[in-house]
Amino acid sequence: MSKLDSKIPAGPLAEKWTKHKNEINLVNPANKRNIDVIVVGTGLAGASSAATLAELGYNVKTFCYQDSPRRAHSIAAQGGINAAKNYQGDGDSDFRLFYDTIKGGDYRSREANVYRLAEVSSNIIDQCVAQGVPFAREYGGLLDNRSFGGVLVSRTFYAKGQTGQQLLLGAYGAMNRQIQRGKIQSFTRHEMLDLVIIDGKARGIIARDLISGEIERHAAHAVVLATGGYGNVFFLSTMAMGCNVTAAWRTHKRGAFFANPCYTQIHPTCIPVSGDHQSKLTLMSESLRNDGRIWVPKRKEDAIAIREGRLKPTELKKEDRDYFLERRYPAFGNLVPRDVASRAAKERCDAGFGVNKTGEAVYLDFASAIERYGKEKALTSGIKDADKATITKLGEEIIEAKYGNLFQMYEKIVDENPYKTPMMIYPAVHYTMGGLWVDYNLQTTIPGCYSAGEANFSDHGANRLGASALMQGLADGYFVLPYTIGDYLSDDIQTGPISTDSPEFEKVENEIKERINKLMSASGKNSVDYYHKKLGKIMWNKCGMARNEAGLKEAIEEIAALRKDFWENVNIPGNADGMNTELEKAGRVADFLELGELFAKDALHRNESCGGHFREEYQSPEGEAMRDDENFAYVGAWEYKGEPKDAVLHKEDLVFENVKLVTRSYK
Ligand SMILES: Cc1cc2nc3c(=O)[nH]c(=O)nc-3n(C[C@H](O)[C@H](O)[C@H](O)COP(=O)(O)OP(=O)(O)OC[C@H]3O[C@@H](n4cnc5c(N)ncnc54)[C@H](O)[C@@H]3O)c2cc1C
């Protein structure tokens, strides 16, 4: 096992980034014109990277598997994006954002990266406003903020419940300007299937044109992977159906270390699973926890009556309800971090207090907020002694203005009116904190191969705070990578164009073709989804919200056996010479079947509970996660050695000089 060098600059925390920027090598504008960069992924991280690199003068090629960058999963982001602007005057600062993020991640992230993230957060908002992103505004014109979990300030900027969409339109607009200038060549409906390394450096990719089926070679001086997260290894998640690990995983197999694969975020407020036919779960944004109160009945008999349809939640008196987050965590209440809220909901449901038919749901109730807002609105509208109906109407209007699209989405899916009856929610897989290991410069362990956004192991440690993923993806793309990649590319100013006509490209292309042939010639009877669903069940039951040694060992065996069965018995209809969505899925599921095993192996080796990684053996008497800082205060980065079971662990020790390592408390 080796120790990894994260290349964190020396000096005081708050000066590291500035100092680093001043010291790294630059590429002059004329030389940038001779340098090509491939950016795989055009979600927020990729689009912002590509637009900025092209604006700087590099020649950029972008790739995405959708028909337009606008369809990246980033578009689904609802709640908002954090920035330490302190518009509310509620005591926010770069340090507080840094501190909240380190604490929220249960002290498993890198101090220097997180501080840099906090430092550039305000620039992101300015950049996006300049692009025309329509953030919500207060009456006076200032940008509005709301609160997200794990913090005591309001620092979340938002555009109704469509923040990701609006930010992506901004980044896509910036990309389009460069496409028009000829500085970005955009390859849509293209899937990267492998990385090409020449003389130890990433020099290109092999991609499949998803319409023609053609296998293509693309060369560059550096490759950026901004290919998103791998939550769909669980089959059911809140992520877009296409999200996958293929680009990151194939790069891992070429030498990039994969860090903390077991750190997964389970989001507390999702629409519960309704049956086996489902292929997707729906998020109810965390922003709803600003106003929604989470509860279950205090008495089991009431929970049973509700489940059996004999009692309505609205008929249960306030004193008969258990607002369990407010009870357990009075300081943060309903706005505890996601891992804490999810576990608390699971605990109540496991104890028999769940409120839907399967017993796996808790309530998210807006009645108090509707009443509170309604009374306030009546007063400010000059309506004295407003009756209940008027207060409710006014309150509902305010809730609609804030969260209208989310309420509409809930009603369409569940067929219940959430203004009149509480929403039912349950935790679901939502985000992956693990990913490609990168150093301070966002470079993987393969020189010239960088990773940004959710695809890298990110700055969030063992748990990501709400509204921090958009911040990280855009920080990486607009403000970090464009500087750090120049340092590396300054060595390439005289290299000249990289040819695709080399034995290295030939070899990787042939390997990809063989792999596709192998998939197509498996003559089994099971669909790709058959395997994906089976994998998802193993992952959820044995590597999900709670894990233990025995279950993880079983998962490792079961996933390995499932993978073997997949390669023998999968059935992919059609052929590989044109559009074949089953073939696309098969390639991705094959990678999930390898990643899943490494995930379980990582969770098994980490004999502690931290953030989203909850090992049942390591918990306090109150059921809180118990970290082991003495033995596990490190990033675990795995090196590929043939099979997931043979992967070798490397450590990056985490050094905490600016925060004290203490037990995380939200009480
Ligand atoms: C429902 C939902 C709501 C959310 N709300 C919020 C929120 O309010 N605030 C917040 O901060 N975060 C939120 N998140 C998280 C956040 O949206 C994501 O973490 C973030 O958008 C990821 O951005 P990205 O650019 O890293 O990846 P993505 O947006 O996933 O983009 C990945 C890109 O990579 C491409 N790609 C992938 N593989 C390949 C391949 N092999 N070849 C070619 N292209 C490839 C895709 O085509 C796509 O362009 C939410 C997540 C979900 C699921």
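Residues numbered from 1 in each chain as written. Predicted model: local features only at pLDDT ≥ 70, side-chain atom pairs only at ≥ 80, totals over all residues. Heavy atoms only, no water.

Asks: Could you give an account of the overall build of the protein, naming the residues involved and the relevant values?
Replies: The helix and strand tally for the protein stands at 18 helices and 19 strands. For the protein, the C-alpha radius of gyration of 25 Å lies close to 26 Å, the compact-globule estimate for 667 residues. Over its C-alpha atoms, taken along the principal directions, the protein stretches across nearly 80 × 55 × 50 Å. Partitioning the contacts of the protein with sequence separation of at least 6, the portion at a separation of at least 24 is 75%. (Helix = DSSP H or I, 4+ residues; strand = E, 2+ residues; numbered from the N terminus. Rg over C-alpha atoms; globule rule 2.2 N^0.38 Å. Contact = heavy atoms within 4.5 Å.)

Asks: Can you tell me about the site of the ligand, naming the residues and giving the values?
Replies: In the vicinity of the ligand, 38 residues are found, and the nearest of them are Gln66, Ser74, Gly79, Met192 and Glu454. At a separation of 3.4 Å, an oxygen atom of the ligand approaches a polar backbone atom of Ser468. Between the ligand and the protein, one listed contact pairs an oxygen atom with a backbone N or O atom of Ala469 at 3.0 Å. A total of 1000 Å² of accessible area belongs to the ligand in isolation, and the protein chains cover 97% of it. With three residues, the single largest contributor to the shell around the ligand is strand 6 (residues 190-198). When the residues that make up the shell around the ligand are grouped by side-chain class, the tally is 18 nonpolar, 17 polar and three charged. (Near = heavy atom within 4 Å. Polar contact = N/O pair within 3.5 Å; in protein donor to acceptor, adjacent residues only side chain to side chain. Areas by Shrake-Rupley, 256 points an atom, 1.4 Å probe, with all protein chains shown as cover. Nonpolar A, V, L, I, M, F, W, Y, C, P; charged D, E, K, R; others polar.)

Asks: Talk me through the pattern of salt bridges; I want residue IDs and the actual numbers.
Replies: Inspection of every chain in the model, using the stated rule, returns 58 salt bridges. Across the salt bridge formed by Arg250 and Asp591, the nearest N and O atoms sit 3.0 Å from each other. With Arg250 in helix 7 (residues 246-253) and Asp591 in helix 17 (residues 581-605), the pair connects residues that are 341 residues apart, well separated along the chain. Neither residue differs from the other here; Arg250 and Asp591 are each classed as buried. Between Arg293 and Glu326 there is a salt bridge, and its shortest N-O distance comes to 2.8 Å. Taken together, the residues Arg293 in strand 12 (residues 293-297) and Glu326 in helix 9 (residues 324-328) connect sequence positions 33 residues apart. Looking at Arg293, the relative accessible area reads 18%, which means it is buried. (Salt bridge = Lys/Arg side-chain N within 4 Å of Asp/Glu carboxyl O. Buried < 20%, exposed > 50% of the residue type's maximum accessible area, 1.4 Å probe, protein only.)

Asks: Tell me about empty space enclosed by the protein, and name the residues and values.
Replies: Within this structure, the stated rule accounts for four cavities of 30 Å³ or more. Approximately 120 Å³ is the volume attributed to the largest cavity. When residues of the lining of the largest cavity are traced back to their parent elements, those giving at least two are strand 6, helix 7, helix 14 (503-521) and helix 17. With four residues, helix 17 is the single largest residue contributor to the lining of the largest cavity. Here the residues of the lining of the largest cavity are counted per class, giving four nonpolar, two polar and six charged. Of the pockets and cavities examined, the second largest cavity occupies roughly 70 Å³. (1 Å grid on protein atoms, 1.4 Å probe; cavity = no way out; pocket = protein on both sides within 12 Å on 5 of 7 lines; lining within 4 Å. Points joined across faces, edges and corners; volume = space filled by probe spheres on them.)

Asks: Please provide a residue-by-residue account of the nonpolar core, values included.
Replies: By size, the foremost hydrophobic cluster in this structure holds 123 residues, and its most contacted members are Ile205, Phe258, Leu288, Ile399 and Phe566. For this core, the element with the highest residue contribution is helix 17, accounting for twelve residues. (Core = buried A, V, L, I, M, F, W, Y, C linked by side-chain atoms within 4.5 Å.)

Asks: How would you summarise the packing of aromatic side chains if you had to cite specific residues and measurements?
Replies: Counted according to the given criterion, the structure contains 25 aromatic pairs. Plain terms: the ring middles of Phe135 and Phe157 are 6.2 Å apart, the flat faces sit at 65° to each other, and that makes the pair edge-to-face. Of this pair, Phe135 sits in the loop between helix 5 (111-131) and strand 4 (156-157) while Phe157 sits in strand 4, and the two are 22 residues apart along the sequence. Overall, the relative accessible area of 0% leaves Phe157 in the buried class. Look at Trp295 and Tyr363: their rings are 4.7 Å apart centre to centre, the planes differ by 45°, and that puts the pair in the tilted class. In this pair, Trp295 sits in strand 12 while Tyr363 sits in strand 14 (residues 362-365), placing the two residues 68 residues apart along the sequence. By way of ring pairs, the aromatic residues Phe366, Tyr403, Phe407 and Tyr419 are connected into one cluster. Its end group placed over the ring of Trp567, Lys518 keeps NZ or CZ at 4.6 Å from the ring centre. (Phe/Tyr/Trp six-rings, centres within 6.5 Å; stacked < 30°, edge-to-face > 60°. Lys NZ or Arg CZ within 6 Å of the ring centre and 35° of its normal.)

Asks: Any chance you could break down the sheet that holds strand 19 (residues 648-653) for me, citing the residues and the numbers?
Replies: Ordered in space as 16-10-18-19, the four strands form an open sheet in which the pairing is antiparallel. Sheet topology places strand 16 (435-436) and strand 19 at the edges, where each strand pairs with a single neighbour. Relative to strand 18 (residues 634-639), strand 10 (residues 258-259) runs antiparallel, the two sharing two bridges. Looking across to strand 18, one finds that Phe258 is bridged to Trp638. Along the sheet, helix 17 contacts strand 10, strand 18 and strand 19; its crossing angle with strand 18, the most-contacted strand, is approximately 145°. (Pairing = 2+ DSSP bridges. Axes fitted to C-alpha atoms, helices over the stretch in contact; angles between N-to-C directions.)

Asks: For the sheet that holds strand 6, give the residues involved together with the corresponding values.
Replies: Reading across from one edge, 6-7-8 is the order of the three strands in this open sheet, with antiparallel pairing throughout. In this open sheet, the two strands that pair with only one neighbour each are strand 6 and strand 8 (215-219). Averaged over neighbouring strand pairs, the angle between their axes works out to 25° when direction is ignored.

Asks: An account of the environment of Met520 is requested, with residue identities and associated values reported.
Replies: Mapped onto the secondary structure, Met520 falls in helix 14. Here the alpha-carbon distance between Met520 and Tyr419, two residues 101 residues apart in the chain, equals 50 Å.

Asks: Break down the pairing of strand 2 (residues 59-63) for me, citing the residues and quoting the values.
Replies: By the criterion of burial, strand 2 is predominantly enclosed, with four of the five residues buried. Sheet analysis places strand 1 (residues 36-40) next to strand 2, joined by five bridges and oriented parallel. Across the sheet, residue Ile38 finds its bridge partner in strand 2, namely Lys61. Taken together, strand 1, helix 3 (residues 44-56) and strand 2 constitute a β-α-β crossover, and its handedness is right-handed. Across four bridges, strand 2 lies against strand 5 (residues 184-187) in parallel orientation. Residue pairing in the sheet places Lys61 in a bridge with Gln185 of strand 5. (Right-handed = clockwise from strand over helix to strand, strands pointing away.)

Asks: Go over the layout of surface pockets, please, and point to the residues and values.
Replies: Taken as a whole, the second largest pocket holds about 650 Å³ of empty space. Lining the second largest pocket are 28 residues; nearest its centre among them are Asn356, Lys357, Val414, Glu416 and Met424. Those elements that provide at least two residues to the lining of the second largest pocket are helix 8 (300-307) and helix 12 (388-414). No other element matches the three residues that helix 12 contributes to the lining of the second largest pocket. Per-class residue counts for the lining of the second largest pocket are 14 nonpolar, eight polar and six charged.

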